[in-house]
Amino acid sequence: MAKVTPGEEHPVKAFGWAARDQSGYLSPFNFSRRETGDEDVRFKVLYCGICHSDLHSIKNDWGFSFYPLVPGHELVGEVTEVGSKVNKVKVGDKVGVGCMVGACHSCESCENDLENYCPKMILTYNSIYHDGTFNYGGYSDTMVANERYIVHFPENMPLDAGAPLLCAGITVYSPLKHFGLAQPGKHIGVVGLGGLGHVAVKFAKALGAKVTVISTSPSKKDEALLHLGADSFLVSRDPDQIQAAMNTMDGIIDTVSAVHPILPLLGLLKSHGTLVLVGAPDKPLELPVFPLISGRKMVAGSGIGGMKETQEMIDFAAKHGITADIEVVSMDYVNTAMERLAKNDVRYRFVIDIGNTLAATKP
């Protein structure tokens, strides 16, 4: 853990909320953003989603947090200035920034539009930018980023409910596409009905798949089937239900971030099926090898997506009316929201109304 002095390293004044230490308590914070470079886009932040990563980061759960730390990597707003070489967006456009703001742009991953897998990928916050200065996230009034990392929001995509798609949406859309699961007639399982899971159901259905929600909570059955439109529901702790669904699924998107058994999930897969882990348990999972061998099954991981695919995902979501289910909160409610998020007390994603509530918190 390191301390970084924000100072006035940049000329553009900015205001947001930051954690000062691993208590994770957020409070008002003055800092600065760089000037708008030739390839940069500056925008007024209107909304920012609260991701579970924000909670882990402010509390230094992963051991690499720098303070002061301004979280937020699901930020959306309106363009206020563009650099002279920018041609992707114009002043007044609605845009967003997701989990990253930089990469090397010369490695194999970058050349294949997979900046998210670049060894030098730069996270939107809690990271160091190319110029050696510290990056601050979206719980703030203004943002500037290289145009490569700007996502254009179509007119019919609501900014508040669209914001979480910049992290949760691309996290589930990318593996559905990459592993060939985004096809009519495929049977997809979605494990966990939270911030990631509820969006996974919506994308898989829109892509034409049959969707089964797999959950430890029988109480979520009506939500899965009636509200989100899943085709079926499995209680993962019910051996009879699991037995009846054995060898029926082409792929499973596992969104659970707690340690959990994956043997029952492997049993649900058809031969040649793939279990994709997108949640991030903090301890290793037990991996039984025999079911992999006997069915030529795969266990894989996937993390967000490149910028080209992220734009494709937002455009697809706009076309099919896909948004996150959100609870909009004010900036001064953020610490309570974090406490509730730690208890999974949200359906399914908090979004901070930055545009209407941040300014009132200035000391």
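Along each chain, numbering runs from 1 in the same order as the chain's sequence is written. Side-chain atom pairs in this predicted model are given and counted only at pLDDT of 80 or more, local residue features only at pLDDT of at least 70, and totals for whole chains, interfaces and linings cover all residues. Only heavy atoms go into the side-chain values, all of them from the structure, while hydrogens and water stay out.

Let us now look at helix α10 (residues 307-320). The helix count covers DSSP runs of H or I at least four residues long, the strand count covers runs of E at least two residues long, and both are numbered beginning at the N terminus. Expected span of a helix: the number of residues minus one, times 1.5 Å. If you check α10, its first and last C-alpha atoms are 20 Å apart, about what 14 residues at 1.5 Å a residue would give, namely 20 Å. Three labels apply to residues, based on accessible area from a 1.4 Å probe with only protein chains included: buried if under 20% of the type maximum, exposed if over 50%, partly exposed otherwise in between. Here α10 has its buried residues at M307, E309, T310, Q311, M313, I314, F316, A317 and A318. Those residues of α10 that are buried are in contact with β8 (100-102), β11 (151-152), α3 (159-162), α4 (168-178) and α5 (195-206). Any two residues whose heavy atoms approach within 4.5 Å at even a single point are treated as in contact.

Moving on, we get to the packing of α4 against α5. Angles here are taken between N-to-C directions and fall from 0 to 180 degrees, while the axes themselves are lines fitted to C-alpha atoms, restricted in helices to the stretch in contact. Contact geometry for α4 and α5: axes closest at 9 Å, N-to-C directions at 50 degrees. The orientation of α4 with respect to α5, classified from their angle, is oblique. Seen from above, α4 lies across α5 with right-handed handedness. Residues A168, G169, T171, V172, Y173 and L176 of α4 form the contact with α5, whose own contacting residues are G195, L196, V199, A200, F203 and A204. Residues are sorted three ways: Asp, Glu, Lys and Arg are charged, Ala, Val, Leu, Ile, Met, Phe, Trp, Tyr, Cys and Pro are nonpolar, and all the rest, Gly among them, are polar. Residue classes in the contact of α4 with α5 are distributed as nine nonpolar, three polar and no charged. Oblique is the label for any angle not under 35 degrees, not over 145, and not in the 65 to 115 range, which are roughly parallel, roughly antiparallel and roughly perpendicular in turn. By the definition used in this description, the sense in which the near helix is turned from the far one sets the handedness, with an anticlockwise turn below a right angle giving left-handed and a clockwise turn giving right-handed.

Our focus in this paragraph is a nonpolar patch on the surface. Residues L287, V289, I293 and V299 make up a contiguous nonpolar surface patch of roughly 340 Å² in combined accessible area. In this structure, V289 sits in the loop between β16 (269-277) and α9 (290-295). What goes into a patch is any residue over 30% in relative accessible area without a salt bridge, connected to like charges within 9 Å or, for nonpolar side chains (Val, Leu, Ile, Met, Phe, Trp, Tyr), within 5 Å. Using a 1.4 Å probe, accessible areas were evaluated by the Shrake-Rupley method; residue-level cover was limited to the displayed protein chains. Only one rule defines a salt bridge in this text: a Lys or Arg side-chain nitrogen within 4 Å of an Asp or Glu carboxyl oxygen.

By the secondary structure assignment, L228 is in the loop between α6 (221-227) and β14 (232-235). Overall, the relative accessible area of 8% leaves L228 in the buried class. Sequence separation between L228 and V213 is 15 residues, and the spatial gap between their C-alpha atoms is 10.0 Å.

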